[in-house]
Amino acid sequence: MQPFAQRLQPNENELRRRAIDVLQVNLGRYCNLACIHCHVESGPTRKEMMSRENVEAVLGFFARSGIPTLDITGGAPELHPDFDFLVAAARRLGRHVMDRCNLTVIFESGKEYLPEFFKQHAVELVCSLPCYSQENVDKQRGKGTFDSSIRALQRLNEIGYGQTGSDLVLNLVYNPVGPHLPPPQDKLEQDYKTILHKQFGIAFNHLYCLTNMPITRYATHLKLRGEYERYLELLASNFNGDTLEQVMCRNLISIGWDGWVYDCDFNQMLDLPITDAAGKRLNISSLSLDQVANRPIIVGDHCYACTAGAGSSCGGALIS
């Protein structure tokens, strides 16, 4: 397999970050689910959580930087004790807030208020629903997850999320159950909308198709099934250079639960931090925008997952 770095244009042997319009923050690895595909390796037994000090440092940098969007992820970020504080503070700054939600979290003890909280702060929801069939969702995310997810979507629809004419945005996320590329996003979105509305009365705005990243937990899953090398070859053989202009790392930085700064969430999980000229890791506690703007992006063979086929990002496919 050709190393990913060699796929870049001969006269541009590196990817560089452009203007940053998304600050993505991982609040920790604690989650009420333990999904097979989760590159963060989140689960109910994980203890890693962002400190209040780092949460306040995130807000300080966010306020100074002028970055328009805060993208909150995890784990299940809503289970972090400072989730509400972070959301409310970011909205007071007049910034857009996105929450990457697993849907089932609103049924956790003490979290029943979350739908109304999301609505109050006009939080854009990006919710995982890897299929419209119970069998596939429960296979990937655990028994009973599909039913809970459907009930959560119905609750969000009740208060206005995903409805025509509403400003409350509800997007869904698909990722393949097996080691293959996602189907065309536009076609699958229509299938989702037709089936979910017909069977459950559910409405939503858009579907994002994501390619599974072959690192950490999912890499282990593939290796146990003897599918790891074949999946890597599939990604590499479907490399699409047209996606390079749109990959998310070019307009985003990722902050880990421990405050370190990364080019993306995947580099975060592989411990590939952004460093200064002396090789020292950058930390949110002292970060300035000029330290991360127009910087070369650390790449590796895992980047094939974002650039195969139609491409893959936190906002779904990159090209039609």
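Preceding this paragraph is the structure being described.
Parameters and conventions
- Sequence order sets the numbering: in each chain, residues are counted from 1 along the sequence as written.
- For this predicted model, a pLDDT threshold of at least 70 governs which residues receive local features, and a threshold of 80 or more governs which side-chain atom pairs are given and counted, while totals over whole chains, interfaces and linings are taken from all residues.
- Derived side-chain values reflect all non-hydrogen atoms in the structure, with water molecules and hydrogen atoms excluded from consideration.
- Salt bridges are counted wherever a side-chain nitrogen of Lys or Arg sits within 4 Å of a carboxyl oxygen of Asp or Glu.
- Classification of residues uses two cut-offs on accessible area relative to the type maximum, computed with a 1.4 Å probe and protein chains only: under 20% is buried, over 50% is exposed, and between them is partly exposed.
- Only Phe, Tyr and Trp rings take part, Trp by its six-membered ring, and two of them pair if their centres are within 6.5 Å. Stacked means planes under 30 degrees apart, edge-to-face means over 60, and tilted covers everything else.
- Only DSSP runs of H or I reaching four residues or more are called helices, and only runs of E reaching two or more are called strands; each is numbered from the N terminus.
- Only the stretch in contact is used when a helix axis is fitted, and all axes are lines through C-alpha atoms; the angle between N-to-C directions ranges over 0 to 180 degrees.
- Comment on the angle field: the value is read as roughly parallel under 35 degrees, roughly antiparallel over 145, roughly perpendicular from 65 to 115, and oblique elsewhere.
- What makes a crossing left-handed is the near helix being turned counterclockwise from the far one by less than a right angle; a clockwise turn instead makes it right-handed.
- The contact criterion used throughout is that any non-hydrogen atoms of two residues lie within 4.5 Å.
- Gly is put with the polar residues, along with every residue not named as nonpolar or charged; the nonpolar set is Ala, Val, Leu, Ile, Met, Phe, Trp, Tyr, Cys and Pro, and the charged set is Asp, Glu, Lys and Arg.
- Helix span, as expected, comes to 1.5 Å for every residue beyond the first.
- Strands qualify as paired when DSSP identifies two bridges or more between them.
- By convention a crossover is right-handed if, when the strands point away from the viewer, the path from the first strand over the helix to the second runs clockwise.

(A) Layout of the pattern of salt bridges. This model, assessed by the stated rule, comprises 14 salt bridges. Here Glu227 makes a salt bridge to Arg225, at a shortest N to O gap of 3.2 Å. You can call Glu227 buried: its relative accessible area is 12%. For Arg230, the salt bridge goes to Glu227, with nearest N and O atoms at 3.7 Å. Take Arg230: its relative accessible area is 52%, and that puts it in the exposed class.

(B) Quick peek at the packing of aromatic side chains. Across all of its chains, the model carries 11 aromatic pairs by this definition. Each ring, one from Phe83 and one from Phe117, has its centre 6.2 Å from the other, and the planes form 50 degrees; the classification is tilted. Here the residue Phe83 occupies a position in helix α2 (residues 83-92), and Phe117 occupies one in helix α3 (residues 114-120), the gap between them amounting to 34 residues. The exposure class of Phe83 is buried, given its relative accessible area of 0%. Both rings, one in Tyr113 and one in Phe117, keep their centres 6.2 Å apart while their planes meet at 80 degrees; by these two values the pair is edge-to-face. For Tyr113, a relative accessible area of 33% corresponds to the partly exposed category.

(C) Seen up close, the packing of helix α1 (residues 52-65) against α2. In the contact formed by α1 and α2, the axes pass within 11 Å of each other and the chain directions differ by 15 degrees. With respect to α2, the axis of α1 lies roughly parallel. As α1 packs across α2, the resulting crossing turns out to be right-handed. Counting all contacts with α1, which are made through Arg52, Val55, Glu56, Val58, Leu59 and Phe62, the residues of α2 involved are Phe85, Leu86, Ala89 and Ala90. When the residues that make up the contact of α1 with α2 are grouped by side-chain class, the tally is eight nonpolar, no polar and two charged.

(D) Quick look at the environment of Arg141. Take Arg141: it is sitting in helix α4 (residues 134-141). Judged by relative accessible area, Arg141 falls into the buried class, the value being 5%. Every residue in contact with Arg141, bar those within four places of it in the chain, is listed here: Leu33, Cys35, Asn102, Ser128, Pro130 and Ser149.

(E) Inspection of helix α5 (residues 145-158) at higher detail. Between its first and last C-alpha atoms α5 spans 20 Å; for 14 residues at 1.5 Å apiece the expected length is 20 Å, and the two agree. All of the buried residues along α5 are Thr145, Phe146, Ser148, Ser149, Ile150, Ala152, Leu153, Leu156 and Asn157. Residues of α5 that are buried sit in contact with α3, β5 (124-128), α4, β6 (170-174) and α6 (185-200). Looking at the residues trailing α5, positive phi occurs at Gly160, about 110 degrees.

(F) Quick peek at the environment of Val123. Within the secondary structure, Val123 sits in the loop between α3 and β5. Excluding its chain neighbours within four sequence positions, the residues that come into contact with Val123 are Val87, Val97, Met98, Asp99, Phe118, Tyr161 and Val169.

(G) Structural detail: unusual backbone geometry. In this structure, Gly75 follows Gly74 across a cis peptide bond, with omega equal to 25 degrees. Looking at the element boundaries, Gly75 is found in the loop between β3 (69-73) and α2. Not every positive phi belongs to a glycine, and Leu103 is a case in point at roughly 75 degrees. Mapping Leu103 onto the fold places it in the loop between β4 (96-101) and α3. One non-glycine residue with positive phi stands out, namely Asn294, at about 55 degrees. Considering the arrangement of structural elements, one finds Asn294 in the loop between α9 (265-269) and β10 (296-297).

(H) Structural detail: the pairing of β4. Judged by how many residues are buried, β4 sits mostly within the fold: five of six residues are covered. Relative to β4, β3 is paired through four bridges, and the arrangement is parallel. Within β4, the position partnered with Thr69 by the bridge is His96. In this structure, β4 lies alongside β5, joined through four bridges in parallel fashion. Each bridged residue has a counterpart across the sheet, and for Cys101 the counterpart in β5 is Cys127. For the handedness criterion, the β-α-β arrangement of β4, α3 and β5 is classed as right-handed.

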